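Notes for the structure review
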Amino acid sequence: MDHLKLASIKSRPKTVIEVGNISIGRDFVIIAGPCSIESYEQTLEIAWAVKRAGAHMLRGGAFKPRTSPYSFQGLGMKGLKILEDTREITGLPIVSEVLDTRDVAWMCEYVDVLQVGARNMQNFSLLKEVGKSGKPVLLKRSMQSTLAELLNCAEYILNEGNPNVILCERGIRTFETYTRNTLDLSAVAALKELTHLPVIVDPSHGTGKASLVPAMCLAAAAAGADGLIIEVHARPEKALSDKEQALTPEEFAALATRILSLRKFVEGWS
Ligand code: PEP
Ligand code: MN
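Let me sum up the structure you'll find in this document. (Residues numbered from 1 in each chain as written. Chains lettered and ligands numbered in written order. Predicted model: local features only at pLDDT ≥ 70, side-chain atom pairs only at ≥ 80, totals over all residues. Heavy atoms only, no water.)

When you go through the protein residue by residue, the secondary structure sums to nine helices and ten strands. The C-alpha radius of gyration computed for the protein amounts to 17 Å, which stays within 12% of the reference 18 Å derived for 270 residues, consistent with globular compactness. Considering only C-alpha atoms, the protein reaches an extent of 50 × 45 × 40 Å along its principal axes. In the protein, which comprises 270 residues, the proportion classed as buried is 56%. Relative to all contacts within the protein whose residues are 6 or more apart in sequence, the contacts with residues 24 or more apart total 69%. (Helix = DSSP H or I, 4+ residues; strand = E, 2+ residues; numbered from the N terminus. Rg over C-alpha atoms; globule rule 2.2 N^0.38 Å. Buried < 20%, exposed > 50% of the residue type's maximum accessible area, 1.4 Å probe, protein only. Contact = heavy atoms within 4.5 Å.)

Moving on, we get to the pairing of strand 7 (residues 137-140). Of the two faces of strand 7, the one carrying Val-137 and Leu-139 and the one carrying Leu-138 and Lys-140 are both buried. Remark: the strand 6 (residues 113-116)/helix 4 (residues 124-133)/strand 7 crossover connection has right-handed handedness. Bridge analysis of strand 7 against strand 8 (residues 165-169) gives four bridges, and the strand direction is parallel. Following the sheet pairing, Val-137 is matched in strand 8 by Val-165. For the crossover that starts at strand 7, traverses helix 5 (residues 147-159) and ends in the parallel strand 8, the hand is right-handed. (Right-handed = clockwise from strand over helix to strand, strands pointing away. Pairing = 2+ DSSP bridges.)

Taken together, the neighbourhood of ligand 1 is formed by 13 residues, with Arg-59, Lys-64, Ala-118, Arg-119 and Arg-170 sitting nearest. One nitrogen or oxygen atom from the side chain of Gln-115 is found 2.9 Å from an oxygen atom belonging to ligand 1. Measuring from an oxygen atom of ligand 1, one finds a side-chain N or O atom of Arg-119 at 2.8 Å. A per-class count over the shell around ligand 1 returns three nonpolar, three polar and seven charged. (Near = heavy atom within 4 Å. Polar contact = N/O pair within 3.5 Å; in protein donor to acceptor, adjacent residues only side chain to side chain. Nonpolar A, V, L, I, M, F, W, Y, C, P; charged D, E, K, R; others polar.)

Taken as a whole, helix 4 has its buried residues at Leu-126, Leu-127, Val-130 and Gly-131. Seen from one end, helix 4 has its buried residues packed into an arc of 140 degrees, which puts them on one side. Next to the buried residues of helix 4 lie helix 3 (104-107), strand 6, strand 7 and helix 5. One or two positions beyond helix 4, positive phi appears at Gly-134, with a value near 80 degrees. (Arc of directions from axis to C-beta.)

Moving on, we get to the nonpolar core. Judged by nonpolar contacts, the single largest core of 66 residues is most densely connected at Val-50, Leu-139, Leu-167, Ile-230, Phe-252 and Ile-259. Considering each element in turn, this core owes the most residues, seven residues, to helix 5. Counting residues in hydrophobic clusters, the runner-up holds 14 residues, among them Val-19, Ile-166, Cys-168 and Ile-200. (Core = buried A, V, L, I, M, F, W, Y, C linked by side-chain atoms within 4.5 Å.)

One pass over the structure, following the stated rule, counts ten salt bridges. Salt-bridge contacts for Asp-202 lead to Lys-140; the nearest nitrogen and oxygen are separated by 2.7 Å. You can see Asp-202 sitting in the loop between strand 9 (199-201) and helix 7 (203-207) and its partner Lys-140 sitting in strand 7, a full 62 residues away along the chain. Of the charged contacts, one joins Asp-226 and Lys-192 as a salt bridge, the two residues approaching to 2.5 Å between their closest N and O atoms. (Salt bridge = Lys/Arg side-chain N within 4 Å of Asp/Glu carboxyl O.)

A separate point is the side chain of Arg-59. Following the sequence through the fold, Arg-59 ends up in strand 4 (residues 57-59). Given the relative accessible area of 3%, Arg-59 is considered buried. Among the polar contacts listed, one links the side chain of Arg-59 to the side chain of Glu-231, at a separation of 3.3 Å. Not counting the four nearest positions on each side in its chain, Arg-59 is found in contact with Ile-31, Ala-32, Gly-33, Pro-34, Cys-35, Lys-64, Val-95, Gln-115, His-205, Ile-229, Ile-230 and Glu-231.

It is worth spelling out helix 6 (residues 186-194) at this point. Listed as buried for helix 6 are Ala-187, Val-188 and Leu-191. The arc that holds every buried residue of helix 6, seen down its axis, measures 100 degrees, which confines them to one face. Those residues of helix 6 that are buried are in contact with helix 5, strand 8 and strand 9.

Looking now at the coordination of the manganese ion (ligand 2). Ideal geometry at a metal centre: 109.5 degrees between donors when four sit tetrahedrally, and 90 or 180 degrees when six sit octahedrally. Ligation of the manganese ion (ligand 2) by protein atoms is provided by Cys-35 (SG), His-205 (NE2), Glu-231 (OE) and Asp-242 (OD), these donors lying 2.0 to 2.4 Å from the ion. Counting residues between consecutive donors of the manganese ion (ligand 2) along the chain gives the motif C-x169-H-x25-E-x10-D. Pair noted here: Cys-35 is in the loop between strand 3 (29-33) and helix 1 (40-53) and Asp-242 is in the loop between strand 10 (227-231) and helix 9 (249-269), with a separation of 207 residues, a long-range link. A single burial state applies to Cys-35 and to Asp-242, both of which are buried. (Donors = N, O, S within 2.8 Å, 3.2 Å for Na, K, Ca; no water.)

The next thing to look at is a negative patch on the surface. Residues Glu-84, Asp-85, Glu-88 and Glu-109 make up a contiguous surface patch of negative charge. The residue Glu-84 is located in helix 2 (residues 77-90) in this model. (Patch = residues over 30% accessible without salt bridge, like charges linked within 9 Å, V, L, I, M, F, W, Y side chains within 5 Å. Areas by Shrake-Rupley, 256 points an atom, 1.4 Å probe, with all protein chains shown as cover. Lys, Arg positive; Asp, Glu negative; His and termini not counted. Charge placed at Lys NZ, Arg CZ, Asp CG, Glu CD.)

Rendered as structure tokens:
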């Protein structure tokens, strides 16, 4: 990885990114919320539930990169207004995906962290644009990319003068079909050797199955991840996207308690 100038661990020991009152890279961050923003009531209900359970930030897609053009594509601008209101009411910082270079500048007014999704990881125009914005960026590893490719994509953002990049392992495609993707937890330890950027894990997309999410969250926390991003829905069976992998608020609350007690042990190791 000698070609990396800015993302390399050789350039600095650690990056800490301040979002709201959390320091990502120093504090363990839990981001939770629905896959898609569906309505104001749905978003507010989930936001309060995850906040009560200990989440630090709210996730929710307003622009959805769907495999089929006939699937729900998200509420767009209306969804971002819902997120803005929800942040105002609950105080939770917002993470939401940006799909298009034309939306970067105005979306910065509505969100605290811009998510670049797995399908756009190597969209170099988008990487340059989020780089110019200076906003914290959550960069998800694509399902078919190596760690070197992921780090080169982070390098694009850093090279535009934006040091605020959070990497996210969300599962890669393998021959296994039982899980939606194969969650590569070795990526966490490997990225820690290679880069100073914070690394979080998304066991929701990583497994595609709600029943597997808790175990993979705990494993990610034990492996040294800087945080987790978890899909939660008040009524998963009614969710407009990714219903199979969403936890209920009750399941999320029970999991958050276990994650926080595991973190106490993990902090003792370092
Ligand atoms: C998401 O976070 O809802 C999402 C679409 O994730 P990914 O880009 O990892 O598939
Ligand atoms: Mn999703």
